[in-house]
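Per-entry structural report
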Amino acid sequence: MFPNNTHNAITFSFDDGVTQDRRLVALFNKYNLKCTFNLNSGGFGKDGVCHWQKWSAPHNKVNSAEVKALYSGHEVAVHTVNHPDLTTIADEKIIIDEIEQDRKVLEKLTGDKIVGMAYPFGTLNDRIVNIIKRNTPIKYARSIWATYNFDLQDNLLAFRPTIHFLDFKKMYELAGTFLNTEYYEDKIFYIWGHSYELDFEDAWEEFEKFLAYIANKKDVFYGTNKEVLLNGQK
Ligand SMILES: [Zn+2]
């Protein structure tokens with residue numbers, strides 16, 4: 001059971017900490033939705049451009065000085081210092097440093113205890129999961145492989161999202177089911193993405209419509225990843 005006596009929880013997770021997060025946070029706040037933002041402390045303040053098919057979008061990282069205020073009311077979590085594919089790194093110490101140094105910087109900036117993570121590129125394997133388990137206080141870590149379902153998962157260090165946020169057709173189908181089913185055990189609708197992707201295809205308006213559709217239902221708990229995935233854990 002989640003807070004406000006419901007079995008239905010909705011949570012969002014956005015990666016990379018780019019300046020489009022400012023507009024996205026304002027949208028989440030407008031609809032009383034909660035998100036976890038996974039940040040690379042090694043990239044703060046760095047500018048770039050991201051290309052996808054025929055589109056391109058600014059890929060400028062937020063500044064460290066704005067992290068606390070910008071993400072206030074949401075959750076900040078680890079996305080490693082430099083965003084490497086962890087599965088390609090042989091040296092265990094480098095993997096631990098990528099996670100732990102990011103976590104420590106983010107804890108200092110936010111003043112919060114950080115227990116969550118999203119894998120850069122969504123890549124993981126058993127070795128990486130075991131390294132995290134043995135050497136860090138990280139309690140959940142997310143990949144990018146959609147389940148298209150709401151079931152609770154046993155391995156929170158290999159957590160899979162329900163869906164990527166630009167898969168609108170499927171997302172509405174899932175939301176229709178989720179909002180109109182009375183569940184008798186806990187279910188989680190978990191949506192992930194990158195805010196810069198909203199600049200591709202100019203999807204801001206469409207995403208806002210979706211948020212309006214799922215928001216402010218009295219029998220849904222809207223929480224950060226930590227609040228939802230670690231619900232009931234001390
Ligand atoms: Zn990323």
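All of the points below concern the structure found in this document. Bear in mind the structure is a predicted one, so any value in this text is a computation, not a measurement. Numbering of residues begins from 1 in every chain and follows the order in which that chain's sequence is written. Note on the predicted model: pLDDT of at least 70 is required for a residue's local features to be given, and 80 or more for side-chain atom pairs to be given and counted; whole-chain, interface and lining totals, by contrast, use all residues. Derived side-chain values reflect all non-hydrogen atoms in the structure, with water molecules and hydrogen atoms excluded from consideration.

Time to look at the overall build of the protein. On a plain count of helices and strands, the protein comes out with 7 helices and 10 strands. Two things to know: the radius of gyration comes from C-alpha atoms, and the globule rule equals 2.2 Å times the number of residues to the power 0.38. By the compact-globule yardstick of 17 Å for 234 residues, the protein fits well, its C-alpha radius of gyration being 17 Å. Each of the three principal axes of the protein carries a C-alpha extent, and together these read 50 × 40 × 35 Å. When a residue's accessible area, from a 1.4 Å probe over protein chains only, is under 20% of the maximum for its type it is buried; when over 50% it is exposed; and in between it is partly exposed. Within the protein, the proportion of its 234 residues that are buried is 54%. Note on contacts: a residue pair is in contact if any heavy atoms of the two residues lie within 4.5 Å. In the protein, the proportion of contacts linking residues at least 24 apart, taken out of those at least 6 apart, comes to 71%. On the protein, roughly 10900 Å² of surface is accessible, and the fraction owed to carbon and sulfur atoms is 50%. Under the counting rule used here, the positive set is Lys and Arg, the negative set is Asp and Glu, and His together with the chain ends is not counted. Working definition for charges: the position is that of NZ of Lys, CZ of Arg, CG of Asp or CD of Glu. Averaged over its 27 positive side-chain charges, the protein has a centre that lies 4 Å from the centre of its 32 negative ones. We count a stretch as a helix when DSSP gives it H or I for four or more residues in a row; a strand needs E for two or more, and each element gets its number in order from the N terminus. Accessible areas in this description were obtained via Shrake-Rupley with a 1.4 Å probe; residue shielding takes into account the shown protein chains only.

Two numbers describe how helix α1 (residues 21–30) lies on helix α6 (residues 204–214): the axes approach to 10 Å, and their chain directions differ by 25 degrees. Our classification of the angle between α1 and α6 gives roughly parallel. Taken as a pair, α1 and α6 cross one another with a handedness that is right-handed. Between α1 and α6, the contacting residues are Arg23, Leu24, Leu27, Phe28 and Lys30 on the first element and Trp204, Phe207, Glu208 and Leu211 on the second. A breakdown of the residues in the contact of α1 with α6 according to their chemical character gives 6 nonpolar, no polar and 3 charged. Axes here refer to lines fitted to C-alpha atoms; in helices the fit is confined to the stretch in contact. Angles between the N-to-C directions go from 0 to 180 degrees. Between 65 and 115 degrees an angle is taken as roughly perpendicular, under 35 as roughly parallel, over 145 as roughly antiparallel, and anywhere else as oblique. Handedness of each helix crossing follows the sense of rotation of the near helix against the far helix: counterclockwise by less than a right angle gives left-handed, clockwise gives right-handed. Lys, Arg, Asp and Glu make up the charged group, whereas Ala, Val, Leu, Ile, Met, Phe, Trp, Tyr, Cys and Pro make up the nonpolar group; the residues left over, Gly among them, are polar.

Before going further, it helps to spend a moment on the coordination of the zinc ion. We call an atom a donor if it is N, O or S and sits within 2.8 Å of the metal, or 3.2 Å for Na, K and Ca. Water is not counted, so some sites may look partial. With distances of 2.0 to 2.2 Å, the protein atoms coordinating the zinc ion are Asp16 (OD), His79 (NE2) and His83 (NE2). Here the donor residues of the zinc ion share one chain and are spaced in sequence as D-x62-H-x3-H. Placement of Asp16 in the loop between β1 (8–15) and α1 and of His79 in the loop between β5 (75–78) and α3 (92–110) is noted, with a sequence separation of 63 residues between them. Summarising the burial analysis for this pair, Asp16 and His79 share the class buried.

What makes two strands pair is DSSP finding at least two bridges between them. Relative to strand β4 (residues 55–58), strand β3 (residues 49–52) runs antiparallel, the two sharing 4 bridges. Note that in β4 the partner of Trp52 across the bridge is Trp55. Taken together, β3 and the strand that follows it, β4, pair antiparallel across an intervening segment of 2 residues, in which Gln53 is found at a positive phi of about 50 degrees.

Here we take up the packing of aromatic side chains. The way to describe two aromatic rings as a pair is by their centre distance and the angle between their planes. Stacked, edge-to-face and tilted are the three classes for Phe, Tyr and Trp ring pairs, Trp counted by its six-membered ring, which pair at centre distances within 6.5 Å; planes under 30 degrees apart are stacked, over 60 edge-to-face, the rest tilted. The full count for this structure, using the stated rule, is 20 aromatic pairs. Where Phe2 meets Phe221, the ring centres are 6.1 Å apart and the plane angle is 10 degrees; that geometry is what we call stacked. Residue Phe2 is found in the segment before β1, and its partner Phe221 is found in strand β10 (residues 221–222); the two are separated by 219 residues along the sequence. The two residues Phe2 and Phe221 agree in class, both being buried. Ring pairing ties together the aromatic residues Phe12, Phe14, Phe28, Phe37, Tyr71, Phe165 and Phe207, which thus form one cluster. Lysine NZ or arginine CZ positioned within 6 Å of the ring centre and within 35 degrees of the ring normal marks a charge as sitting over the ring. Directly above the aromatic system of Tyr148 lies the positively charged group of Lys170, at a separation of 4.7 Å from the ring centroid. A cation over a ring is seen here: Lys217 above Tyr213, with NZ or CZ 6.0 Å from the ring centre.

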